[in-house]
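# Report on the structure
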Amino acid sequence: MALISRQNGAVYLLLSALVIILDQLTKYWCVANIPYNTRGIEVLPFFNLVHVYNYGAAFSMFASWDGIQRYFLAAIAIVMAVIFIVVLLKTRRKAKWHCVSYALFIGGAIGNLIDRVVHGYVIDFLLFYLQDESGRITWAYPAFNVADIAVCCGAALLVLLAFVHKDHKKQTAAQGDAASSGRDK
């Protein structure tokens, strides 16, 4: 099978490109319009647009590695993106939800990879939190970005598809057993 054909998921790389473009544009807007490390712009009483940097991975894991995490995490992103691109190109186009999940993961991984290579950190700007009556933030979910959303949605979709596929296999096997036992009588 050719790497790019009408039968494989290559066309879904357009979704990856869309994720990358949307991710980079929103980060550019954030840097241009929101002062760094402030409460940013309040959108809702529990949601702000902020401008922060994440030197680590999810939840700032590896952030204290004195700069080597930049290369380590970039290498992981490259390897994962290549693996998912190969898997996407080997997946039949008709398996659209699998292709969508791979494409979302690819776009998110590359979106954050661009930040890591260009800046040495990832720009995050979406912050959900709880605050008390005086306006003091009492709890906050770590800030994230469009690339993070794409990776999480792609991963969640893959997990969901694994359960659906597993149930579909059980149902198909049960139907096959019922059909064969009916023939035996």
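Note that the coordinates shown come from a computational prediction; the quantities given were computed from them, not determined experimentally. (Residues numbered from 1 in each chain as written. Predicted model: local features only at pLDDT ≥ 70, side-chain atom pairs only at ≥ 80, totals over all residues. Heavy atoms only, no water.)

## Re the UniProt feature "transmembrane region" (unreviewed entry) in the protein
- Using the residue numbers shown here, the UniProt feature "transmembrane region" (unreviewed entry) corresponds to residues 12-31, 43-65, 71-89, 101-123 and 143-164.
- Split by type, residues 101-123 is 83% helix and 9% strand. Its first and last C-alpha atoms lie 23 Å apart.
- Taken as a whole, residues 143-164 contains 86% helix and 0% strand, while its terminal C-alpha atoms sit 31 Å from one another. (UniProt positions renumbered as here; feature names shortened; annotations may be inferred. Helix = DSSP H or I, 4+ residues; strand = E, 2+ residues; numbered from the N terminus.)

## Some remarks on the UniProt feature "active site" (unreviewed entry) in the protein
- According to UniProt, the feature "active site" (unreviewed entry) maps to Asp-124 and Asp-148 in the numbering used here. Taken together, the annotated residues stretch across 25 residues yet fold into one region, lying no more than 9.0 Å apart by C-alpha.
- As for its position among the elements, Asp-124 is in strand S3 (residues 122-131).
- When sequence neighbours within four positions are dropped, the list of residues in contact with Asp-124 reads Cys-30, Val-50, His-51, Val-52, Asn-54, Ala-143, Phe-144, Asn-145 and Asp-148.
- Along the chain, the position of Asp-148 falls in helix H4 (residues 146-184).
- Setting aside anything within four residues of it in sequence, one finds Asp-148 in contact with Asn-112 and Asp-124. (Contact = heavy atoms within 4.5 Å.)

## Some points on the packing of aromatic side chains
- Applying the stated criterion across every chain, the model contains 10 aromatic pairs.
- Aromatic rings pair up to connect Phe-46, Phe-47, Phe-128, Trp-139, Tyr-141 and Phe-144 into one cluster.
- The residue whose ring lies beneath Arg-39 is Tyr-129, and the NZ or CZ to ring-centre distance is 5.9 Å. (Phe/Tyr/Trp six-rings, centres within 6.5 Å; stacked < 30°, edge-to-face > 60°. Lys NZ or Arg CZ within 6 Å of the ring centre and 35° of its normal.)

## Here's the deal with the pattern of salt bridges
- Summed over all chains, the structure comprises 3 salt bridges.
- One salt bridge connects Asp-23 with Lys-27, and the closest N-O pair in it is separated by 2.8 Å. Of this pair, Asp-23 and Lys-27 are both found in helix H1 (residues 13-33), 4 residues apart, which corresponds to roughly one turn of the helix. Lys-27 shares its class with Asp-23; the two are buried.
- Measuring nitrogen to oxygen at the nearest pair gives 3.4 Å for the salt bridge that ties Asp-132 to Arg-136.
- Accessibility expressed as a relative area gives 23% for Asp-132, which makes it partly exposed. (Salt bridge = Lys/Arg side-chain N within 4 Å of Asp/Glu carboxyl O. Buried < 20%, exposed > 50% of the residue type's maximum accessible area, 1.4 Å probe, protein only.)

## A short note on unusual backbone geometry
- Positioned with a positive phi, Asn-37 is a non-glycine residue whose angle comes to about 55 degrees.
- Structurally, Asn-37 is set in the loop between H1 and strand S1 (41-44).

## Here's the deal with the state of the cysteines
- All chains considered together, the criterion is met by 0 disulfides.
- Free of any disulfide, Cys-152 has its nearest neighbouring cysteine sulfur in Cys-153, separated by 7.1 Å.
- Cys-152 sits in the exposed class, given a relative accessible area of 53%. (Disulfide = S-S within 2.5 Å.)

## Focus: the pairing of S3
- Extensive coverage of S3 is indicated by the burial of 7 of its 10 residues.
- For strand S2 (residues 47-54) and S3, the ladder comprises 6 bridges, and the chain directions are antiparallel. Within S3, the residue paired with Val-52 across the bridge is Asp-124.
- Examined bridge by bridge, S3 and strand S4 (residues 137-140) share 3 bridges and lie antiparallel to one another. The residue bridging Leu-130 from the neighbouring strand is Trp-139, located in S4.
- What sits between S3 and S4 in their antiparallel hairpin is a turn of 5 residues, with Gly-135 showing a positive phi close to 90 degrees. (Pairing = 2+ DSSP bridges.)

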